[in-house]
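# Residue-level structural notes
What follows is the residue order along each chain.
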Amino acid sequence: MNWISEWALPKIKTLFGAPREVPENLWHKCPGCEQMVFHRDLERNLHVCPQCGHHMRIGARQRLDYTLDEGWQRIELPKAPADPLRFRDQRRYGDRLREAQAKAGQEDAVVVAHGTIEGNRAVAAAFEFSFMGGSMGAGVGEALVTAARLAVLQDAPLVVFTASGGARMQEGAVSLMQMPRTVIATRMVKEAGLPFIVVLADPTTGGVTASFAMLGDIQIAEPGALIGFAGARVIEQTVREKLPEGFQRAEYLLEHGILDMVVKRGEMRPTLARLIGLLRQAERQPEPARTPPPLALAAPAEPESAGPLG
Ligand SMILES: [Zn+2]
């Protein structure tokens, strides 16, 4: 960069009437009802289709913006070993990773932040599905361990928003190790007596579903989210049976007891605030005495105010 590219070139472009940059995607096609939605209406509606209520996929930072109060802070994450296996398919994994990092402007598929939710302190971790399908490798494991440690340190609840295709294949066994690792991380939060809340967004599958994402004290999902371990087609081919309508969708899972709540995006912030408030209130109350006071059993005292019949 020098003065030519920074100052002179833009001036020349303006002088010669170079076409002004027009945002490309003014209209979005809703995957639910296939109607075109204007981008401003979509943003105003938190990326939920105003026509049919379809919850579109959103990025990690956007999700934190929608859920945490203004002024939340992103946490710097420790560096994880990149490409531990020197993996290569059609391309080097290292190259794919660098490309994803440049595109997303973050090191890996999870953003960790701390802030408040309607005034309740919380640590939050959100998956970025556009970053290699939100897949869980060492970087994601590191992010979740950091989030859990921070929650314990700050004596704050941990809220995790998932959106993931599962384990990151390019990291082989290292990615599978993140399953027990993240489970241990959430256990630290629980052992500290802090609430751990999971919000499953579309889609949450594979190794993420099979580890920490199903261990929340409260399991929430967004409407219509796909949640499962293996894909429906694989299951159908294995069991050779037609799967029921709505299989692996949030509403079906709620009906079958896998989830506690299905919450619309617009109601997520007040719902989380209410839950955290309730859980923390229960936590602050003094523990009931474990053994009943012996006196009450030994000598029944005369009732202080006897009824009319004594
Ligand atoms: Zn729609």
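Residues numbered from 1 in each chain as written. Predicted model: local features only at pLDDT ≥ 70, side-chain atom pairs only at ≥ 80, totals over all residues. Heavy atoms only, no water.

### Quick word on the coordination of the zinc ion
- Around the zinc ion, the protein contributes the donor atoms Cys-30 (SG), Cys-33 (SG), Cys-49 (SG) and Cys-52 (SG), at 2.2 to 2.3 Å from the metal centre.
- Given a relative accessible area of 39%, Cys-52 falls into the partly exposed group. (Donors = N, O, S within 2.8 Å, 3.2 Å for Na, K, Ca; no water. Buried < 20%, exposed > 50% of the residue type's maximum accessible area, 1.4 Å probe, protein only.)

### Let's talk about the environment of Tyr-93
- Residue placement: Tyr-93 occurs in helix H4 (residues 93-104).
- In this structure the C-alpha to C-alpha distance between Tyr-93 and Asp-83, which are 10 residues apart in sequence, comes to 6.5 Å.
- For Tyr-93, the residues in contact, after removing those within four places along its chain, are Asp-83, Phe-87, Arg-88, Met-132, Arg-168, Gln-170 and Glu-171.
- In terms of polar contacts, Tyr-93 uses its side chain to reach the side chain of Arg-168, at 3.1 Å. (Helix = DSSP H or I, 4+ residues; strand = E, 2+ residues; numbered from the N terminus. Contact = heavy atoms within 4.5 Å. Polar contact = N/O pair within 3.5 Å; in protein donor to acceptor, adjacent residues only side chain to side chain.)

### As for the pairing of strand S8 (residues 218-221)
- A two-sided burial pattern is seen for S8, the buried positions comprising Ile-218 and Ile-220 on one face and Gln-219 and Ala-221 on the other.
- Taken together, the 4 bridges between strand S7 (residues 196-204) and S8 define a ladder with parallel strand orientation. In the sheet register, Val-198 faces S8, and the bridge partner there is Gln-219.
- Of the pairings in the sheet, the one linking S8 to strand S9 (residues 261-262) comprises 2 bridges and is parallel in character. Looking at the pairing, Ile-220 lines up with Met-261 of S9. (Pairing = 2+ DSSP bridges.)

### A word on the UniProt feature "binding site: Zn(2+)" (unreviewed entry) in the chain
- Per the UniProt record, "binding site: Zn(2+)" (unreviewed entry) is annotated on Cys-30, Cys-33, Cys-49 and Cys-52. Taking the farthest pair of C-alpha atoms as the criterion, the annotated set spanning 23 residues converges on one region, since that pair is 8.7 Å apart.
- For Cys-30, the position within the fold is in the loop between strand S1 (27-29) and strand S2 (36-38).
- Given a relative accessible area of 1%, Cys-30 falls into the buried group.
- Its place among the elements puts Cys-33 in the loop between S1 and S2.
- Not counting residues up to four positions away in its chain, the partners in contact with Cys-33 are Cys-49, Gln-51 and Cys-52. (UniProt positions renumbered as here; feature names shortened; annotations may be inferred.)

### Things to note about the sheet that holds strand S4 (residues 110-117)
- With respect to topology, 7 strands assemble into an open sheet ordered S3-S4-S5-S6-S7-S8-S9, the strand pairing being mixed. Every interior strand has two partners, whereas the edge strands, strand S3 (73-74) and S9, have only one.
- Each of S4, strand S5 (120-127), strand S6 (158-164), S7, S8 and S9 is contacted by helix H10 (residues 265-284), which is oriented at about 155° to S7, the strand it contacts most. (Axes fitted to C-alpha atoms, helices over the stretch in contact; angles between N-to-C directions.)

### Structural notes on helix H5 (residues 138-154)
- Between its first and last C-alpha, H5 extends 24 Å over 17 residues, near the 24 Å set by a 1.5 Å rise per residue.
- Two residues or fewer after H5 comes Asp-155, characterised by a positive phi angle close to 55°. (Expected span 1.5 Å × (residues − 1).)

### A short note on the nonpolar core
- If you look at the biggest cluster of nonpolar residues, it comprises 42 residues, and the most contacted ones within it are Phe-127, Leu-158 and Phe-212.
- For this core, the elements supplying multiple residues, two or more each, are H4, S4, S5, H5, S6, helix H6 (172-191), S7 and helix H9 (250-255).
- The residues touching Phe-212, leaving out its near neighbours within four places in the chain, are Phe-127, Met-136, Leu-144, Val-160, Thr-162, Thr-182, Val-183, Thr-186, Phe-196 and Val-198.
- Counting residues in each nonpolar core, the second largest holds 22 residues, with Leu-68, Ala-122, Ala-124 and Val-263 among its members. (Core = buried A, V, L, I, M, F, W, Y, C linked by side-chain atoms within 4.5 Å.)

### Considering the pattern of salt bridges
- Inspection of every chain in the model, using the stated rule, returns 15 salt bridges.
- The shortest N-O distance in the salt bridge between Asp-202 and Arg-57 comes to 3.0 Å. Residue Asp-202 is found in strand S7, and its partner Arg-57 is found in the loop between helix H2 (39-44) and helix H3 (60-67); the two are separated by 145 residues along the sequence.
- You can call Asp-202 buried: its relative accessible area is 18%.
- The shortest N-O distance in the salt bridge between Arg-249 and Asp-202 comes to 3.7 Å. Here Arg-249 is found in the loop between helix H8 (232-239) and H9, whereas its partner Asp-202 is found in strand S7, with 47 residues between them in sequence. (Salt bridge = Lys/Arg side-chain N within 4 Å of Asp/Glu carboxyl O.)

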